[in-house]
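Residues per chain are reported as follows:
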Amino acid sequence: MKAGGTLFLSLLTLFSLASCANKNLVVLLPGPEGKTGRILVSNKGGTQLLSEPKQATAIQSQTVSPAIPFQMTDEIIRATYGDALTALPLSPTHFILYFKNGSTELTEESRKLLDEVLSTTRYRKSTDVSVVGHTDRVGTREYNFKLALGRAELVKQILVSQGIDPDFIDVTSHGKDNPLVKTDDEVSEPRNRRVEVVVR
Amino acid sequence: MKRIMLSVITLFLFCPSFVHASATPVGSIRTLKGKATIIRNKNAVETKIGSRVFQKDSLKTGADGSIAIVFKDDTLLSIGPNSEVVIKEFLFSPAEGKLSIITRLIKGTSAYISGIIGKLSPESVRFETPVADIAIRGTKFAVAVEGPVEESR
């Protein structure tokens, strides 16, 4: 019984190798950190769960259930998806810069981290950098909206002064509405006084 | 009159995500090779690395093309040659609990690495194809579809 199953899978693999450019195929791959997730492939005919690295399913049509999963070889993965896989960029990098209480002055440590933001932006030749300002929950929404915006603008100014194109930088303020650490209103919390930078 | 103007301006200032909801980019082009274009309202628009991509845009490639988008939530999506994908819906406001990413591969090949929406709310991620839909419980996969099948969009 087990041998039969294995044979069936190999046949399917050979079949898709013969016509890999013209088949509906989904394959699950290990993610950038090496872990493999899980996906469900469903249509009107049924559902297949893929949960192992390089596990794949072929789909004939919308009304026929995705086929029993099989293990796809590296050769077929490359032949079928090579160009799309090569086109995948690096995952974005996130940074958190912290600020002194009620001010747009960076903490010592974060000032150093800013160098890393710069070098990452340059190394990646990034054309899309998000800079989002935040505050803790002390003060009014209006005050904190402006303070968070001021923090974000300061980070942008520094990046621009170091040669990053301002058109690539997108500044927003979340004020006191999006704390990293949930606190009651009017609680002073250094970890919430921050600017989050995403270099894409 | 002045007062009304002031409150309108204030509204704009404090609800930026609301006011600009439809005009906010969902991501940008990160890699590009050969013939590859963004299609917006049925027209090909200028496409280069860094071009902003919006909800309802399509990406289309020629025989030698490939293109990849990095979404605001870190999701990565690429397509290979002779491929077409539509960004049907993208909502990313974690603070308001509004999360959704729906993409549809019309034809060709695509690779996909799920991002923050996939971590926070896997049920809000859907990758459609003409023959089956993919629900995501994490990370990376690749798809090939024969298309165009019975439908044109």
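Residues numbered from 1 in each chain as written. Chains lettered and ligands numbered in written order. Predicted model: local features only at pLDDT ≥ 70, side-chain atom pairs only at ≥ 80, totals over all residues. Heavy atoms only, no water.

## Digging into the nonpolar core
And then number 1: Among the nonpolar cores identified, the biggest contains 34 residues, and Val 26 and Ile 39 of chain A together with Ile 134 and Phe 141 of chain B are the most heavily contacted of them.
And then number 2: With 4 residues, the top contributor of residues to this core is strand E9 (residues 98-113) of chain B.
And then number 3: Residues contacting Phe 141 of chain B, with those up to four places away along its chain left out, are Val 26, Val 27, Leu 28, Leu 29 and Ile 39 of chain A together with Ser 110, Ala 111, Tyr 112, Phe 127, Ile 134 and Ile 136 of chain B.
And then number 4: The next biggest cluster of nonpolar side chains, apart from the first, holds 18 residues, and it includes Val 27, Tyr 81 and Ala 84 of chain A together with Ala 144 of chain B. (Core = buried A, V, L, I, M, F, W, Y, C linked by side-chain atoms within 4.5 Å. Buried < 20%, exposed > 50% of the residue type's maximum accessible area, 1.4 Å probe, protein only. Helix = DSSP H or I, 4+ residues; strand = E, 2+ residues; numbered from the N terminus. Contact = heavy atoms within 4.5 Å.)

## So, the side chain of Arg 194 of chain A
Residue and element names in this part refer to chain A.
And then number 1: Counting through the fold element by element, Arg 194 comes out in strand E9 (residues 194-199).
And then number 2: A relative accessible area of 2% places Arg 194 in the buried class.
And then number 3: At 2.9 Å, the side chain of Arg 194 forms a polar contact with the side chain of Glu 196. (Polar contact = N/O pair within 3.5 Å; in protein donor to acceptor, adjacent residues only side chain to side chain.)

## Concerning the interface of chain B and chain A
And then number 1: In this complex, chain B contributes 48 residues to the contact, which on the side of chain A involves 51 residues.
And then number 2: Of the roughly 3800 Å² buried where chain B meets chain A, counting both sides, 59% is carbon and sulfur surface.
And then number 3: For the pair chain B and chain A, the interface holds 3 salt bridges.
And then number 4: Note that Asp 170 of chain A and Lys 72 of chain B form a salt bridge whose closest N and O atoms lie 3.7 Å from each other.
And then number 5: Listed by contribution, the elements that provide at least two residues to the side of chain B that touches chain A are helix H1 (2-14), strand E1 (27-33), strand E6 (66-71), strand E7 (76-79), E9, strand E11 (133-136) and strand E12 (140-145) of chain B.
And then number 6: Here the side of chain B that touches chain A is built from residues that sort into 27 nonpolar, 11 polar and 10 charged.
And then number 7: Examined bridge by bridge, strand E1 (residues 24-29) of chain A and E12 of chain B share 5 bridges and lie antiparallel to one another. Across the sheet, residue Leu 29 of chain A finds its bridge partner in E12 of chain B, namely Lys 140 of chain B. (Buried area = accessible area lost by both parts, 1.4 Å probe. Salt bridge = Lys/Arg side-chain N within 4 Å of Asp/Glu carboxyl O. Nonpolar A, V, L, I, M, F, W, Y, C, P; charged D, E, K, R; others polar. Pairing = 2+ DSSP bridges.)

## Examining the environment of Phe 70 of chain A
And then number 1: Looking at the element boundaries, Phe 70 of chain A is found in strand E5 (residues 70-71).
And then number 2: Between the C-alpha atom of Phe 70 of chain A and that of Gln 162 of chain A, which follows or precedes it by 92 residues, the distance is 51 Å.

## Side note on the sheet that holds strand E6 (residues 93-98) of chain A
Residue and element names in this part refer to chain A.
And then number 1: On the basis of which strands lie adjacent, the open sheet formed by 4 strands has the order E6-E9-E7-E8 and mixed pairing. What marks the edges here is a single partner per strand, and that holds for E6 and strand E8 (169-173). Neighbour-to-neighbour, the strand axes of the sheet open up by a mean angle of 15 degrees, direction not taken into account.
And then number 2: As judged from the 5 bridges shared by strand E7 (residues 129-133) and E9, these two strands associate in the antiparallel manner. Along E9, the bridge assignment pairs Ser 130 with Val 198.
And then number 3: Strand contacts of helix H3 (residues 108-124): E6, E7 and E9, with the helix running at about 155 degrees to E6, the strand carrying the most contacts. (Axes fitted to C-alpha atoms, helices over the stretch in contact; angles between N-to-C directions.)

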